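Below, each chain spelled out in residue letters.
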Amino acid sequence: MSNLTNLKYNLQEIESYYNGQRYPELSLKKIKEALGRDKTWNKELTGSENRVPKKRGVYKLDWSVLGDTEKSHSGELVAPESPVDTVVLETPKSSLGESVESVSFIPDVDATYVRFGHHRTIESIVKSEMFYPTFVTGLSGNGKTFMIEQVCAKLKKECIRVNLTIETDEDDLLGGFRLVNGETVFHKGPVVDAMERGAVLLLDEIDLASNKILCLQPVLEGKGVYLKKINQWVKPAKGFNVLATANTKGKGSETGAFVGTQILNEAFLERFAITIEQDYATPSVEKKILLGHMAEFDKIDDVFATKLTFWADAIRKTYMDGGIDEIISTRRLVHIVKAYSIFDDRMKAIELCVNRFDEETKTTFIDTYTKFDEDVDYDPNGTEEVSEPEPF
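Residues numbered from 1 in each chain as written. Predicted model: local features only at pLDDT ≥ 70, side-chain atom pairs only at ≥ 80, totals over all residues. Heavy atoms only, no water.

Asks: Would you mind showing me how to read the pattern of salt bridges here?
Replies: Here the idea is simple: oppositely charged side chains can pair when their charged atoms come close. Scanning the model with the defined rule gives 20 salt bridges in all. Linking Asp-171 and Arg-178 is a salt bridge whose minimum nitrogen-to-oxygen distance equals 3.0 Å. By relative accessible area, which is 22% here, Asp-171 ends up partly exposed. The residue Arg-271 makes a salt bridge to Glu-221 at a minimum N-O spacing of 2.8 Å. (Salt bridge = Lys/Arg side-chain N within 4 Å of Asp/Glu carboxyl O. Buried < 20%, exposed > 50% of the residue type's maximum accessible area, 1.4 Å probe, protein only.)

Here is the structure:
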């Protein structure tokens, strides 16, 4: 339908133009003149519940009241010539244009990974091929997501990771309509892809999501899900499982450290069979992790790795006792190691990586480290020497 000002178009053309919109907004005048329905029908269509707020005389057109046996052409009711195919299923494609079905979702093995904590528990769950939804919780940067990915890498199990936010909804998860080359195309979401492939669905940062993720209730029961938009029932293949990670237990952040985390629905949380509490690695294990990254960055310093792990462990104990409000995560230690490989200066690496904290916390962290490493000389008032630029 090329000209909306021409009101003599039929219902089939209206459906074609508003493909993918179940409730397009039309003025009452256009509805009456274009569809030619009687007053009773118009009242059914333009009830108060269909009014568009702050738009006088504009209503949401609900196709469900139009019926399947009639169409209007310049006010005359006639039988349909042929059904209108308004839904096209399209196979999702990767960024390279290849079909997702041909893409492997098996994570790459990371040489820096060190098994610790609940690795064996997660491995047993994934290896069992049973549907056993698992909730993994723990403080930031302690390897929750990395552990799950590396378990799947070891077992050569496909893992589809979905990062959740407050904006994530059913359309993002299960699938929705997209306009492609003038056609309404239904794209299946990552949850459906994981179900059909028998993959592990990794719902990352699940406590950041809103109640819109309640659309996953049937998925967490392992029985399948009904895609109401295309009238299709999807059953999970063998091996499909759901693992979720979060910084909280779905009850919100008591300390306020994790701003944006939500209080998740109790019935939703109840569908997870077990909850795993992941802690930070011990100093000995964490040292292995740091040495692995040092080898990756070609800057191995065994002494520095040892001092970093004991420093971080002391800070974490103080944090647990309520002495400070911030913490040094394993991820933060890896950042420091990488900075060290660039600048070849222990204190500069530490200072740059703790600058993100407030001034008092930053000073406390740096002073604490100097007590573990007597070889460093830190001047809080020192400035970086600026040299004259070299000529090209």
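We are not done yet, so read on.
Asks: Just to check I follow, could you spell out the nonpolar core for this structure?
Replies: Nonpolar side chains tend to gather and get buried jointly when the protein is soluble and globular. Within the largest apolar cluster, 33 residues are counted, with the highest numbers of intra-cluster contacts made by Leu-203, Ile-206 and Leu-216. The biggest single contributor to this core is helix α7 (residues 190-197), with four residues. Leave out the neighbours within four places in its chain, and Leu-203 touches Val-162, Leu-164, Leu-216, Val-242, Leu-243, Ala-244 and Thr-245. One finds Ile-324, Ala-339, Ala-349 and Cys-353 within the second-largest nonpolar core, a separate group that totals 31 residues. (Core = buried A, V, L, I, M, F, W, Y, C linked by side-chain atoms within 4.5 Å. Helix = DSSP H or I, 4+ residues; strand = E, 2+ residues; numbered from the N terminus. Contact = heavy atoms within 4.5 Å.)

Asks: Just checking my understanding: could you explain the packing of aromatic side chains for this structure?
Replies: Each aromatic ring pair is specified by the distance between its two centres and by the angle formed by the two planes. Summed over the entire model, instances satisfying the criterion amount to nine aromatic pairs. An angle of 85° between the planes, with centres 5.2 Å apart, marks the rings of Tyr-113 and Phe-146 as edge-to-face. One end of the pair, Tyr-113, is in the loop between β5 (88-89) and α4 (119-128); the other, Phe-146, is in helix α5 (residues 144-155), with 33 residues separating them in the sequence. On the basis of relative accessible area, Phe-146 is assigned to the partly exposed category, the value being 28%. Each ring, one from Trp-311 and one from Tyr-369, has its centre 5.7 Å from the other, and the planes form 85°; the classification is edge-to-face. Placement of Trp-311 in helix α10 (residues 302-320) and of Tyr-369 in helix α13 (residues 359-372) is noted, with a sequence separation of 58 residues between them. Joined through ring pairs, the aromatic side chains of Phe-304, Trp-311, Tyr-340 and Tyr-369 make up one cluster. (Phe/Tyr/Trp six-rings, centres within 6.5 Å; stacked < 30°, edge-to-face > 60°.)

Asks: Explain a negative patch on the surface here, please?
Replies: A cluster of like negative charges, contributed by Asp-325, Asp-358, Glu-359 and Glu-360, occupies part of the molecular surface. Mapping Glu-360 onto the fold places it in helix α13. The class of Glu-360 is exposed, set by a relative accessible area of 64%. (Patch = residues over 30% accessible without salt bridge, like charges linked within 9 Å, V, L, I, M, F, W, Y side chains within 5 Å. Areas by Shrake-Rupley, 256 points an atom, 1.4 Å probe, with all protein chains shown as cover. Lys, Arg positive; Asp, Glu negative; His and termini not counted. Charge placed at Lys NZ, Arg CZ, Asp CG, Glu CD.)

Asks: Mind showing me how you'd approach unusual backbone geometry here?
Replies: Across the chain, the bulk of peptide bonds are trans and the bulk of non-glycine residues have phi less than zero. Even without glycine at this site, Glu-129 takes up a positive phi of about 65°. As for its placement among the helices and strands, Glu-129 is situated in the loop between α4 and β6 (134-137). In the Ramachandran plot, Asp-298 falls in the positive-phi region, its phi being about 60° despite a non-glycine side chain. Mapped onto the elements of the fold, Asp-298 is located in the loop between α9 (283-296) and α10. Looking at Asp-298, the relative accessible area reads 69%, which means it is exposed.

Asks: Just to check I follow, could you spell out helix α12 (residues 346-354) for this structure?
Replies: Buried within α12 are the following residues: Arg-346, Met-347, Ala-349, Ile-350, Cys-353 and Val-354. Buried residues in α12, looked at end-on, bunch into an arc of 160°, giving them a common side. Where α12 begins, one side-chain oxygen reaches toward the backbone nitrogen of Met-347, 3.1 Å away; that side chain belongs to Asp-345. (Arc of directions from axis to C-beta. Polar contact = N/O pair within 3.5 Å; in protein donor to acceptor, adjacent residues only side chain to side chain.)

Asks: Can you walk me through the side chain of Asn-142 in this structure?
Replies: Within the secondary structure layout, Asn-142 lies in the loop between β6 and α5. When sequence neighbours within four positions are dropped, the list of residues in contact with Asn-142 reads Phe-116, Gln-278, Asp-279 and Tyr-280.

Asks: Looking at this structure, how should I read the sheet that holds strand β14 (residues 274-277)?
Replies: One key point about sheets: their strands pair by backbone hydrogen bonds, in either a parallel or an antiparallel sense. If you walk across this open sheet you meet the five strands as β7-β10-β13-β6-β14, and the pairing is parallel. With partners counted over all chains shown, the strands left at the sheet margins are β7 (159-163) and β14, one partner each. With direction set aside, neighbouring strand axes in the sheet form an average angle of 20°. By the bridge criterion, four bridges tie β6 to β14 in an arrangement that is parallel. (Pairing = 2+ DSSP bridges. Axes fitted to C-alpha atoms, helices over the stretch in contact; angles between N-to-C directions.)

Asks: Before we go on, may I ask you to explain the packing of α10 against α12 in this structure?
Replies: Contact geometry of α10 with α12 gives a least axis separation of 12 Å together with a crossing angle of 35°. Here α10 and α12 pass one another in a crossing that is right-handed. The segment α10 lies against α12, with Val-303, Phe-304, Lys-307, Leu-308 and Trp-311 engaging Arg-346, Ile-350 and Val-354. Its residues assigned to classes, the contact of α10 with α12 shows six nonpolar, no polar and two charged. (Left-handed = near helix turned anticlockwise from the far one by under 90°. Nonpolar A, V, L, I, M, F, W, Y, C, P; charged D, E, K, R; others polar.)

Asks: Looking at this structure, how should I read a nonpolar patch on the surface?
Replies: Judged by side-chain polarity, Ile-342, Phe-343 and Leu-352 come together as a nonpolar surface patch covering roughly 290 Å² of accessible area. Locating Ile-342 in the fold gives a position in helix α11 (residues 330-343).

Asks: Hey, could you run me through the pairing of strand β9 (residues 183-188) in this one?
Replies: Within a regular strand, the side chains alternate between the two sheet faces. Here strand β8 (residues 175-180) pairs with β9 via six bridges, running antiparallel. Bridge pairing in β9 links Gly-175 to Lys-188. In this structure, the hairpin formed by β8 and β9 is closed by a connection of two residues, where Asn-181 is found at a positive phi of approximately 50°.

Scope: geometric values only; no functional claims are made or implied.
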